[in-house]
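Structure assessment
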Amino acid sequence: MILHCDCNSFYASVELLEHPELQGRPVAVGRDDGSRHGVVLAKNEAAKKFGVKTAETIWQAKRKCPDLILLPPHHEKYRAMSARINRIYGEYTDLVEPFSVDESWLDVTGSLHLFASSGGELADLLRARVKRELGITISVGVSFNKVFAKLGSDYKKPDATTLIPREKVAEILWPLPVENMLFVGSAAAARLRGMGIGTIGALAAADEQLLIEALGKLGATLHAYAAGQDDAPVRRQDEAEPVKSVGNGLTFRRNLVGPEDVRVGVGYLADEVAARLRRHGLKCTALQVNIKDPALKTISRQKQLETETDLARELTEAAMALVTANWDLRQPIRAITVTALGLTDEAAPRQISLFGEPGQDPRHRRRARLEQTLDGLRDRFGPDAVAAAGVLGSDLGLMENKARARPQRAEKDGPDPKAGQE
């Protein structure tokens, strides 16, 4: 018996607790700094009726809703409220797994009988209690696995309970658009629709091998999910989810044009990714680069690395190789994301080259010591204590970005396609 509890319009709901006079008026959370970085992090139901969407630019949102009220984000408040909500969940089961700041799975299989006669009854109890004690509404999906419980909480909002027992899956879930399935992003949805797969039911009925050929491992995962074969356990809150990828992306102050611009931007991002890898004690065996142009069209390319690494210089060279092989550097670039994939701990066995281990190369060792020294300086004096000369001399706003406080995270409208990603 799995519950998925999802707070409705969470950021906006928390902000409106301190602004009751704005209840019923269109409200969005975000910071309009006059640049193209300003995006809607969350919106309330009133703003949603005007078509305002999470993650769209603020100027687009205001064009749809001229009377939109913009409130600045306070992420410390959202984390504090999330902790309070999860403490309530924890009174009903010790198996509470946060999926994001506003979503959690609860496995109540062993404790349900202590509080209610059914999963639906317990869901209603939780909804009423969170609303009464904290002023936040939640939607709850109740099902026999995590994926279907998540689809249940998305099925009806706000402040609703949706039951999805085994015998109702075909009736409730299979007619839904394939985009509603967890981990089906726009690219995967387009590929599936090109195969004639437009619903979750069609995904469940599809040939698994064809899905694997089209989507790789994701194809097998999605087929199992749609067929109700997800058996992933709900983890305790103190069980950290293993890091599956480490990425860093940025929309630059101006478009990047030419190899020098691109190398500065890629080098900055690779430096951040490498530092996070070392912080986790991990190395990557593959790299992915996403490139977005001024028209917001995005391409994504990845490659296997010759050997695992956690060094910024090696990540920079690999990323530049991907960019130059797949992009005309005379064309402007609005944003880039560099993501380390295929993570492994530093003790993992490595294939030995005929020319010796990379770690035995004195230049490699010197570079590793240098980057570890930079880590120490940044830990001691702050993230902007040391930077490459190209970063310091650029007009891309990179040091301003480095000096910002915790990055602004948009509240999710739907499933997070990068669960487990730092």
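Residues numbered from 1 in each chain as written. Predicted model: local features only at pLDDT ≥ 70, side-chain atom pairs only at ≥ 80, totals over all residues. Heavy atoms only, no water.

1. Let's talk about the packing of helix α12 (residues 259–280) against helix α13 (residues 312–326)
Between α12 and α13, the least distance of the axes is 8 Å, while the angle of their chain directions is 135°. On the basis of their axis angle, the class for α12 and α13 is oblique. Between α12 and α13 the crossing geometry is right-handed. Across the interface between the two elements, Pro259, Val262, Arg263, Val266, Gly267, Ala270, Asp271, Val273, Ala274, Leu277 and Arg278 of α12 pack against Ala312, Leu315, Thr316, Glu317, Ala319, Met320 and Val323 of α13. Class assignment of the residues belonging to the contact of α12 with α13 gives a composition of 12 nonpolar, two polar and four charged. (Axes fitted to C-alpha atoms, helices over the stretch in contact; angles between N-to-C directions. Helix = DSSP H or I, 4+ residues; strand = E, 2+ residues; numbered from the N terminus. Parallel < 35°, antiparallel > 145°, perpendicular 65-115°, else oblique. Left-handed = near helix turned anticlockwise from the far one by under 90°. Contact = heavy atoms within 4.5 Å. Nonpolar A, V, L, I, M, F, W, Y, C, P; charged D, E, K, R; others polar.)

2. Structural notes on the nonpolar core
Counting 31 residues, the largest nonpolar core has Val262, Leu277, Leu315, Val323 and Ile336 as the members making the most contacts within it. Broken down by secondary-structure element, the contributors of at least two residues to this core are β9 (246–256), α12, β10 (282–292), α13 and β12 (333–345). Per-element accounting of this core gives the leading share, eight residues, to α12. Every residue in contact with Leu315, bar those within four places of it in the chain, is listed here: Ala270, Val273, Ala274, Leu277, Cys284, Leu287, Leu305 and Thr309. (Core = buried A, V, L, I, M, F, W, Y, C linked by side-chain atoms within 4.5 Å. Buried < 20%, exposed > 50% of the residue type's maximum accessible area, 1.4 Å probe, protein only.)

3. With respect to the packing of aromatic side chains
For the coordinates displayed, the defined rule picks out seven aromatic pairs. Each ring, one from Phe99 and one from Trp105, has its centre 4.7 Å from the other, and the planes form 45°; the classification is tilted. One exposure class covers both Phe99 and Trp105, and it is buried. On the basis of an interplanar angle of 85° and a centroid distance of 5.6 Å, the ring pair of Phe144 and Phe148 is categorised as edge-to-face. Given a relative accessible area of 22%, Phe144 falls into the partly exposed group. Its relative accessible area of 0% is what places Phe148 among the buried residues. (Phe/Tyr/Trp six-rings, centres within 6.5 Å; stacked < 30°, edge-to-face > 60°.)

4. Points about the side chain of Ser13
Mapped onto the secondary structure, Ser13 falls in helix α1 (residues 10–16). The class of Ser13 is buried, set by a relative accessible area of 17%.

5. Comments concerning α12
Every α-helix carries 3.6 residues per turn, so stepping three or four residues along brings you back to the same face. Along its 22 residues, α12 runs 31 Å from first to last C-alpha, staying within 8% of the 32 Å computed at 1.5 Å per residue. With 16 of 22 residues buried, α12 is to be regarded as a mostly interior element. (Expected span 1.5 Å × (residues − 1).)

6. Things to note about the pairing of strand β11 (residues 298–309)
Taken residue by residue, a regular strand's side chains alternate between the two faces of the sheet. By the bridge criterion, eight bridges tie β10 to β11 in an arrangement that is antiparallel. From the neighbouring strand, Lys292 faces β11, where its bridge partner is Thr298. Linking two consecutive strands that pair antiparallel, namely β10 and β11, is a turn of five residues; a positive phi of about 70° is found at Leu296 within it. (Pairing = 2+ DSSP bridges.)

7. Describing the environment of Leu222
Of note, Leu222 is situated in helix α11 (residues 217–226). The class for Leu222 is buried, based on a relative accessible area of 0%.

8. Comments concerning the sheet that holds strand β1 (residues 2–7)
In any sheet, the strands associate via hydrogen bonds between backbone groups, in a parallel or an antiparallel arrangement. The strand order β5-β6-β1-β7-β8 describes an open sheet built from five strands, whose pairing is mixed. Among the strands making up the open sheet, the edge pair consists of β5 (96–100) and β8 (161–164). On average, each strand axis in the sheet is tilted by 20° relative to the strand beside it, whichever way the strands run. Bridge analysis of strand β7 (residues 138–143) against β8 gives four bridges, and the strand direction is parallel. Looking at β8, one finds that Ser143 is bridged to Ile164. The strands that helix α4 (residues 75–90) touches are β1, β5, β6 (103–107) and β7; relative to β5, the one it contacts most, it runs at about 150°. Its contacts with the sheet put helix α5 (residues 119–134) on β1, β6, β7 and β8, and the angle it makes with β7 is roughly 165°.

9. Thoughts on the pairing of β8
A one-sided burial pattern is seen for β8, the buried positions being Thr162 and Ile164 and the unburied ones Thr161 and Leu163. At this point the chain moves from β7, through helix α6 (residues 146–155), to the parallel β8, and the crossover so formed is left-handed. (Right-handed = clockwise from strand over helix to strand, strands pointing away.)

None of this, on its own, says anything about what the molecule does.
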